[in-house]
Amino acid sequence: MVRVAAGMFAPGHLGELTQVVPFELMDAVLVETGRVQHRLRELPSRVGVYFLLAMCLFPEVGYRLVWDKMTSALAGLPAVASPTAKALRDLRRRVGAAPMRALFEVVCGPLAQPGTPGVRFGRYRTVSFDGCSSLKVPDTGRNQAWLDRLAHGGYPQLELMTLVETGTRALIGAVFGPTATGETEYAKRLLHLLRPDMLVLWDKGFDGNDFLAAVTGTGAQILGRLRSNRRAPILSHLADGSHLSVIGTVNLRIIDAQITVTCADGTVFTGSYRLATTLTDARRYPADALVSLYHQRWEHESAYYALRHTLLRGRVLRSGDPGGLQQEMWALLTLYQLLRTVMVDAAESRPGTDPDRCSFTIALQSARDQVIQAAGVTCDDTPPGAGVIARAILAGLLPARRLRVSTRKVKSPVSRYKERLDDGRPDHSRTVTGLVITLLQPVPTPPAVSRDERPLAAAERRRQQQVLALLHQDPDRSWPAQDIARHLGDVTLNTMYRQLSRWASNHLIRKIGPGTYTAQPDSSVPLPAAQKP
């Protein structure tokens, strides 16, 4: 027997997920945002909010089919409406984005309990900042006006910035907008969510002086990767090989480490990391423990994979205008958080279970089935972890996390990771059988010099000579950067663009068009003295 709301409110449900966002919560959100219908319609506002969540749960079908899935188990109820696709679009406009944003702000936040495995480092809850710019939207004039069209003519893209609890991959907060706004600018809008019991992880690019000062001003601790060109003084050496330094007004401890990875097939390769942290006590927080902890930052990438590929299935968003995109994004983020909530509740119901072992795919598919069956809509005093979704998650727990490694590759013609050099790293995921962390002694940083004053590295000097010889073989030919990189064969296109631009600015070669060069220097500019024969 199906148990749903009475009358025309009956289609307003999300299966078993309704227990996480019950009718009373939906009504309170609608009252708070002033979106309650002025007269009782066949499609009340509460039904509209549940429809928006179901729309994100079934991204592969249109409005009418989403409605059919929500009402497929309600065939015997006389009050169930049968709206057209236009009526459902009008329902979306009537509800607006404000209730979806308010609902997300209610359900977002850390989900782990103090004793949940894998969520803390000492007394600190580990969280991370990261951005995602691969969310594509319809190529309409209104979307282009808000987000700008990509230079290569692809779909406009939305920039999403989130603060995530790494142990559960739950969303603590989120903002989004045009990609032209920098990641740190978006991250600053989430700083009010940081707490003194948090340890914030981040990748390169978040180590600006102002951002560091803003984060430490919240009382939270940090552990982040430094950019390769970041110059920081060595104030004092510590016993574990790390050293104290200062960036801007923030006192930090810097750790230089080399990681040697051995894969099951015998492949061995190394990588270097330079980390900065406000945890300056080397005895309480050893450097090798912090280097190992930094790997948890990649849980954020897994969160985006679940959101972008498992939930959204790589599809372009539906909405053709900024208002609709904001509504759809808040609904998508809310649905993601609801699924994570059920997953963590399931893990907590079995003490000692790491939330990492819960399958997002199982949770998603079980939730979809419950919507179609209109099952589990009311709680009936069901304890956490005892619902159908939780039972399916616990029955299909993944094995304990094993060490794996894989080269980052992105299937995008404009991505800097589209092509890479053969550096020994595997192209596909491989099991790691050995991992050795070697702490490196810091090298004193020489005084900064301008790029033009720096001597060329051996590899760049050799490549410069090869390019000059190639261009002078046919001085009248126009060489696209792609052709030069293809001829050399040992350089990525991204690096080739940067070096050619630099050599052209030094008047060694001449830039005659976008990404196109020739051996003929610009006759109006004299050669530098060092380059004259």
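The rules behind the values
- Residues numbered from 1 in each chain as written.
- Predicted model: local features only at pLDDT ≥ 70, side-chain atom pairs only at ≥ 80, totals over all residues.
- Heavy atoms only, no water.
- Helix = DSSP H or I, 4+ residues; strand = E, 2+ residues; numbered from the N terminus.
- Buried < 20%, exposed > 50% of the residue type's maximum accessible area, 1.4 Å probe, protein only.
- Contact = heavy atoms within 4.5 Å.
- Pairing = 2+ DSSP bridges.
- Polar contact = N/O pair within 3.5 Å; in protein donor to acceptor, adjacent residues only side chain to side chain.
- Arc of directions from axis to C-beta.
- Core = buried A, V, L, I, M, F, W, Y, C linked by side-chain atoms within 4.5 Å.
- Right-handed = clockwise from strand over helix to strand, strands pointing away.
- pLDDT = per-residue confidence, 0-100.
- Axes fitted to C-alpha atoms, helices over the stretch in contact; angles between N-to-C directions.
- Parallel < 35°, antiparallel > 145°, perpendicular 65-115°, else oblique.
- Nonpolar A, V, L, I, M, F, W, Y, C, P; charged D, E, K, R; others polar.
- Salt bridge = Lys/Arg side-chain N within 4 Å of Asp/Glu carboxyl O.

Notes on the overall build of the chain
Part 1: On a plain count of helices and strands, the chain comes out with 16 helices and 15 strands.
Part 2: Within the chain, buried positions represent 46% of all 533 residues.
Part 3: Once local pairs closer than 6 in sequence are excluded, the contacts in the chain between residues at least 24 apart make up 68%.

With respect to the sheet that holds strand β15 (residues 516-518)
Part 1: Judged by pairing direction, the sheet is antiparallel, and its three strands sit side by side in the order β13-β15-β14 without closing on themselves. Each having just a single partner strand, β13 (479-480) and β14 (510-513) make up the two edges of the open sheet.

Focus on the side chain of Ser-245
Part 1: Here Ser-245 is to be found in strand β8 (residues 243-247).
Part 2: Accessibility expressed as a relative area gives 2% for Ser-245, which makes it buried.
Part 3: Among the polar contacts made by the side chain of Ser-245, one reaches the main-chain carbonyl oxygen of Pro-233 at a distance of 2.4 Å.
Part 4: Those residues in contact with Ser-245, other than ones at most four positions away along the chain, are Ala-232, Pro-233, Leu-235, Val-250, Asn-251, Leu-252 and Ile-254.

A short note on helix α15 (residues 481-488)
Given 3.6 residues per turn, any residue in an α-helix points the same way as the ones three and four places further on.
Part 1: For α15, the complete set of buried residues consists of Ala-481, Ile-484, Ala-485 and Leu-488. Down the axis of α15, the smallest arc covering the buried residues is 95 degrees, so these residues share one side. Exposed positions of α15 whose direction lies more than 90 degrees from the buried face are Arg-486 and His-487.
Part 2: Residues of α15 that are buried sit in contact with α14 (458-473), β13 and α16 (493-505).
Part 3: Following α15 by one or two positions, Gly-489 adopts a phi angle in the positive range, close to 80 degrees.

A short note on the pairing of strand β5 (residues 198-202)
Part 1: Along β5, five of the five residues are buried, which leaves the element largely enclosed by surrounding structure.
Part 2: Residue alternation in β5 divides its side chains into two sets, Met-198, Val-200 and Trp-202 and Leu-199 and Leu-201, and both sets are buried.
Part 3: In terms of strand pairing, β5 meets strand β6 (residues 221-225) through four bridges, oriented parallel. Following the sheet pairing, Leu-199 is matched in β6 by Gln-221.

Re the nonpolar core
Part 1: Ranked by internal contacts, the top residues of the largest apolar core, which has 80 residues, are Leu-14, Leu-17, Leu-103, Leu-160, Leu-311, Met-329 and Leu-333.
Part 2: With 14 residues, the single largest contributor to this core is helix α11 (residues 322-348).
Part 3: Those residues within four positions of Leu-311 in sequence are excluded, and the remaining contacts are Cys-56, Pro-59, Ala-306, Leu-332, Leu-335, Tyr-336, Leu-339, Phe-360 and Leu-364.
Part 4: Formed by 27 residues, the second largest nonpolar core is a distinct cluster that contains Leu-191, Phe-206, Ile-222 and Ala-232.

Looking at the pairing of β6
Part 1: In terms of residue burial, β6 counts as a mostly covered element, since five of its five residues are buried.
Part 2: Side-chain alternation along β6 places Gln-221, Leu-223 and Arg-225 on one buried face and Ile-222 and Gly-224 on a second face that is also buried.
Part 3: After leaving β5, the chain enters helix α8 (residues 209-217) and then returns to the sheet as β6, a path that is right-handed.
Part 4: Pairing geometry for β6 and strand β10 (residues 268-277), over three bridges, is antiparallel.

Points about the environment of Val-66
Part 1: Relative to the assigned elements, Val-66 resides in helix α3 (residues 63-71).
Part 2: Overall, the relative accessible area of 0% leaves Val-66 in the buried class.
Part 3: As a C-alpha pair, Val-66 and Met-55 span eleven residues in sequence and 6.1 Å in three-dimensional space.
Part 4: Each residue touching Val-66, except ones within four places of it in the same chain, is listed here: Phe-51, Ala-54, Met-55, Phe-58, Val-61 and Arg-318.

Examining α8
Part 1: All of the buried residues along α8 are Phe-211, Leu-212 and Val-215. Each buried residue of α8 lies within a common arc of 100 degrees when the element is viewed along its axis, so the set occupies one face. Exposed and facing more than 90 degrees away from the buried side of α8 are Asp-210 and Gly-217.
Part 2: Buried-residue contacts for α8 involve β2 (124-136), α7 (183-188), β5, β6, β8 and β9 (250-263).
Part 3: Phi for Gly-219, located one or two positions after α8, is positive at around 95 degrees.

Focus: the confidence of the model for the chain
The predicted structure's coordinates, where accompanied by low pLDDT, should not be read in detail.
Part 1: Scored by pLDDT, the chain has a mean of 87; 89% of the residues are at 70 or more.
Part 2: Confidence scores differ between elements of the chain, with strand β11 (residues 404-405) showing the lowest mean pLDDT of 74 and helix α5 (residues 98-107) the highest of 98.
Part 3: Predicted confidence is poor over residues 522-533, with pLDDT under 50, and the contacts of this stretch with residues over four places away or in other chains come to seven contacts.

A closer look at the packing of α3 against helix α4 (residues 85-95)
Part 1: Where α3 contacts α4, the two axes come as close as 8 Å, and the packing angle between them is 85 degrees. What the angle tells us is that α3 and α4 run roughly perpendicular. Contacts from Tyr-63, Arg-64 and Trp-67 in α3 reach Ala-85, Leu-88, Arg-89 and Arg-92 in α4.
Part 2: Looking at the contact of α3 with α4, its residues break down into four nonpolar, no polar and three charged.

Quick word on the pattern of salt bridges
Part 1: Using the criterion set out here, one finds 21 salt bridges in the structure.
Part 2: A salt bridge links Glu-165 to Arg-125; its shortest N-O distance comes to 2.4 Å. Taken together, the residues span a long stretch of sequence, with Glu-165 in strand β3 (residues 157-165) and Arg-125 in strand β2 at a distance of 40 residues. As far as the burial class goes, Glu-165 and Arg-125 line up, both buried.
Part 3: Note that Arg-297 is salt-bridged to Glu-301, the shortest N-O span being 3.5 Å.
Part 4: A single network of salt bridges, built from pairs that share partners, joins Asp-130, Asp-203, Arg-297 and Glu-301.

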